[in-house]
Amino acid sequence: MQQIKKVTKYVKALYDLSIKNNCTEEIANHLEEIFLIYSNSSKFQLFLKSRRIGSKQKKEILNKILIDNISFIVLDLLNNLIDNDDLNLLKLITNHFRRICEKDEKKVAVTLTTVKELNSEEKQNILIAIENKLNKKIDLTHLFDKDIIGGVKLRIGNLIVDGSISTRLNKLKKVLY
């Protein structure tokens, strides 16, 4: 419970600053970049978790390395996480921040899966239809899967709408056998 309160506090402050400075997407991207480095580099984790290196030194080193690569707001967040020994919350903060941004921007990630490439007019028609149904802007990703035989699969956030022929055939097979 204590962690959730801390994460909420960090994310609220981060989000308020990003709105004020009109850089929400930039901060979300920088947060994800830092989290990827943190989660994929054991040396970076060891550096940040080390008790032999003081907080002041860690912050100085990070400032020198990252000052030209990430926003000042994310760098300040990292400094606060180091000061408060809360680096373990970085993943939660990153995920929570991204969810808040998507909710407020009324933008939804949609994955469209078809058997073949759709022309731009077909994609546009599907995009408009989904946007009208959801009353949100859509970030469309188009994938190809020959196994679906025909039709389309849509993934809208966590919701999957499967209108593929392969799924219909599998359902029919289950009913008949």
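Quick look at the structure, then.

Rules behind the numbers
- Residue positions are counted from 1 within each chain, in the order its sequence is given.
- Local features are withheld for residues below a pLDDT of 70 in this predicted model, meaning they are given only at 70 or higher, and side-chain atom pairs are given and counted only at 80 or more; totals for whole chains, interfaces and linings count all residues.
- Each side-chain value is worked out from all heavy atoms of the structure, with water and hydrogens disregarded.
- In this description, a disulfide is simply a cysteine sulfur pair whose atoms lie within 2.5 Å.
- Partly exposed describes any residue whose relative accessible area lies between the buried limit of under 20% and the exposed limit of over 50%, with all areas from a 1.4 Å probe on protein chains only and scaled to the type maximum.
- In DSSP terms, a helix is any run of H or I states spanning at least four residues, a strand is any run of E spanning at least two, and both are numbered starting from the N terminus.
- Any pair of nitrogen or oxygen atoms within 3.5 Å is treated as a polar contact; in protein, a donor-acceptor pairing is required on top of that, and neighbouring residues in sequence qualify only through side-chain atoms on both sides.
- One fewer than the residue count of a helix, multiplied by 1.5 Å, yields its expected span.
- By arc we mean the arc of the directions from the helix axis to the C-beta atoms, nothing more.
- In this analysis an axis means a line fitted to C-alpha atoms, helices contributing only their contacting stretch, and an angle means the value between N-to-C directions, from 0 to 180 degrees.
- If an angle is under 35 degrees, it is roughly parallel; if it is over 145, roughly antiparallel; if it lies from 65 to 115, roughly perpendicular; otherwise it is oblique.
- Note on contacts: a residue pair is in contact if any heavy atoms of the two residues lie within 4.5 Å.
- Asp, Glu, Lys and Arg are counted as charged, while Ala, Val, Leu, Ile, Met, Phe, Trp, Tyr, Cys and Pro are counted as nonpolar; the rest, among them Gly, fall into the polar class.

As for the state of the cysteines
- Overall, the coordinates contain zero disulfides when judged by the stated rule.
- Here Cys-23 is not cross-linked by a disulfide; its sulfur's nearest cysteine counterpart is in Cys-101, at 9.9 Å.
- For Cys-101, a relative accessible area of 2% corresponds to the buried category.

So, the side chain of His-30
- Relative to the elements of secondary structure, His-30 occurs in helix α2 (residues 24-40).
- Accessibility expressed as a relative area gives 12% for His-30, which makes it buried.
- At 2.9 Å, the side chain of His-30 forms a polar contact with the backbone nitrogen of Ser-71.

Focus: helix α1 (residues 2-20)
- End to end, α1 covers 27 Å across 19 residues, agreeing with the expected 27 Å (1.5 Å per residue, within 8%).
- Within α1, burial applies to Val-7, Tyr-10, Val-11, Leu-14, Tyr-15 and Ser-18. The arc that holds the buried residues of α1, viewed along the axis, is 130°, so those residues lie on one side. Within α1, the exposed residues directed more than 90 degrees away from the buried face are Gln-2, Lys-5, Lys-9, Lys-12 and Lys-20.
- Of the residues one or two after α1, Asn-22 is the one with positive phi, at around 55°.

Observations regarding the environment of Asn-119
- Inspection of the secondary structure assignment puts Asn-119 in the loop between β1 (107-114) and α7 (120-134).
- The exposure class assigned to Asn-119 is partly exposed, which follows from its relative accessible area of 43%.
- For the pair Asn-119 and Ser-39, spaced 80 residues apart in sequence, the C-alpha separation works out to 39 Å.
- Engagement of the side chain of Asn-119 in a polar contact is seen with the backbone nitrogen of Glu-121, the distance being 3.1 Å.

Brief notes about the packing of helix α3 (residues 42-49) against helix α4 (residues 55-66)
- Close contact between α3 and α4 brings their axes to 9 Å; oriented N to C, the two are set at 140°. Taken together, α3 and α4 sit at an angle that is classed as oblique. Touching Phe-44, Phe-47, Leu-48 and Lys-49 of α3 are Lys-58, Ile-61 and Leu-62, all from α4.
- When its residues are assigned to classes, the contact of α3 with α4 shows five nonpolar, no polar and two charged.

The quantities given are spatial measurements derived from coordinates; they are silent on function.
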